[in-house]
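# Breakdown of the fold
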Amino acid sequence: MDIFFNNESEIKYADIIDKKRPGFSRHTPMSIQNRAKIFCPFSALKGYEEALRAKEKIVVSPIELSEDMKEMLDEKLHMLEDQLSHGGHPILTAVYFHPDPESPGDSSPRKGEYLELTGMAARLDLNARILQIVDTKIPLGDLRSLQGELFETVEERTV
């Protein structure tokens, strides 16, 4: 049995098939943006995700680099400075210490976490002692390691 045809010559619902959808006189149609909000995920516990992320963070004291590591990092920074001065913007991976804003201030030693950032080197300012990778500015005193294709010759010598 076919829904649209009763028999060969007659179309079911032919009297209403070409009519417009009825509108509501008191209500305006909902915008697409508001309609999309209906289907957004619901969070019963506001702030729960942030609290979990805060618990996952491991807060440590900064590690002091050995003299050999400082020399290698210094050599890599000079190679990067040369590359940037010639218009190059290599892709780097930097490991750096990020101080925890919730840790106590001046009286106790600094606490924070180590982060790894991969991106294009945008700027290196040796006077201000800042390395900028994309939009993140890293103080050179907090930098622990730099890796990338640019530094393969330095890393081969140490292995």
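Structure: above.
One structure accompanies this document, and this report is about it. Because the structure is a prediction, the values reported are computed rather than measured.

As a further point, take the overall build of the chain. What the chain contains, in helices and strands, is four helices and seven strands. Walking the chain from its N terminus toward its C terminus, one meets helices and strands in the order β-β-α-α-α-β-β-β-β-β-α. Out of the 159 residues belonging to the chain, those deemed buried represent 21%. Here the analysis covers contacts within the chain between residues at least 6 apart in sequence; of these, 57% occur between residues at least 24 apart. With the model as given, the accessible surface of the chain reaches about 13,000 Å², and the carbon-plus-sulfur share is 55%.

What follows covers the pattern of salt bridges. Going through the model one piece at a time under the given rule, you end up with four salt bridges. Taking the shortest distance from any N to any O, the salt bridge between Lys70 and Glu64 comes out at 3.3 Å. Note on Lys70: relative accessible area 35%, which makes it partly exposed. Note that Asp125 and Arg123 form a salt bridge whose closest N and O atoms lie 3.5 Å from each other.

Another point: the environment of Leu150. Residue placement: Leu150 occurs in the loop between strand E7 (143-147) and helix H4 (152-158). Leu150 sits 71 residues away from Met79 along the chain, and the two C-alpha atoms are 7.8 Å apart. The contacts of Leu150, once residues within four sequence positions are left out, are Met79, Leu80, Gln83 and Pro90.

This brings us to the packing of aromatic side chains. A complete count under the given rule lists one aromatic pair for this structure. Aromatic side chains Phe97 and Tyr114 sit 5.4 Å apart centroid to centroid with 65° between the ring planes, which places their arrangement in the edge-to-face category. You can see Phe97 sitting in strand E3 (residues 91-99) and its partner Tyr114 sitting in strand E4 (residues 112-125), a full 17 residues away along the chain. By relative accessible area, which is 1% here, Phe97 ends up buried.

Right, let's talk about the sheet that holds strand E5 (residues 130-133) for a bit. Spatially, the five strands line up as an open sheet ordered E6-E5-E4-E3-E7, and their pairing is antiparallel. Looking along the sheet, the strands with just one partner apiece sit at the ends: strand E6 (136-139) and E7. Along the sheet, successive strands turn relative to each other by an average axial angle of 45°, direction set aside. Set on the sheet, helix H3 (residues 67-85) makes contact with E3, E4, E5 and E7; between it and E4 the angle comes to about 35°.

A few words now on a nonpolar patch on the surface. A surface patch of nonpolar side chains, about 370 Å² in accessible area, is lined by Met30, Ile38 and Phe39. Mapped onto the secondary structure, Ile38 falls in the loop between helix H1 (32-37) and helix H2 (48-56).

Below, the discussion takes up the side chain of Arg144. Along the chain, the position of Arg144 falls in strand E7. Despite its burial, Arg144 pairs with no opposite charge, the nearest such side chain being Asp142 at 4.9 Å. Only 3.1 Å separates the side chain of Arg144 from the backbone oxygen of Ile63, close enough to count as a polar contact. Those residues in contact with Arg144 that lie beyond four places of it in its chain are Pro62, Ile63, Leu65, Leu73, Val95, Tyr96 and Tyr114.

A word on the environment of Val134. Among the secondary structure elements, Val134 is positioned in the loop between E5 and E6. Under the relative-accessibility criterion, Val134 is labelled partly exposed at 45%. Separated by 43 residues in sequence, Val134 and Ile91 have C-alpha atoms that sit 9.8 Å apart. When residues no more than four places from it in sequence are discounted, the contact partners of Val134 are Gly119, Met120 and Ala122.

Criteria and thresholds
- Residues numbered from 1 in each chain as written.
- Predicted model: local features only at pLDDT ≥ 70, side-chain atom pairs only at ≥ 80, totals over all residues.
- Heavy atoms only, no water.
- Helix = DSSP H or I, 4+ residues; strand = E, 2+ residues; numbered from the N terminus.
- Buried < 20%, exposed > 50% of the residue type's maximum accessible area, 1.4 Å probe, protein only.
- Contact = heavy atoms within 4.5 Å.
- Areas by Shrake-Rupley, 256 points an atom, 1.4 Å probe, with all protein chains shown as cover.
- Salt bridge = Lys/Arg side-chain N within 4 Å of Asp/Glu carboxyl O.
- Phe/Tyr/Trp six-rings, centres within 6.5 Å; stacked < 30°, edge-to-face > 60°.
- Pairing = 2+ DSSP bridges.
- Axes fitted to C-alpha atoms, helices over the stretch in contact; angles between N-to-C directions.
- Patch = residues over 30% accessible without salt bridge, like charges linked within 9 Å, V, L, I, M, F, W, Y side chains within 5 Å.
- Lys, Arg positive; Asp, Glu negative; His and termini not counted.
- Polar contact = N/O pair within 3.5 Å; in protein donor to acceptor, adjacent residues only side chain to side chain.

Keep in mind that these numbers describe shape and distance, not what the molecule does.
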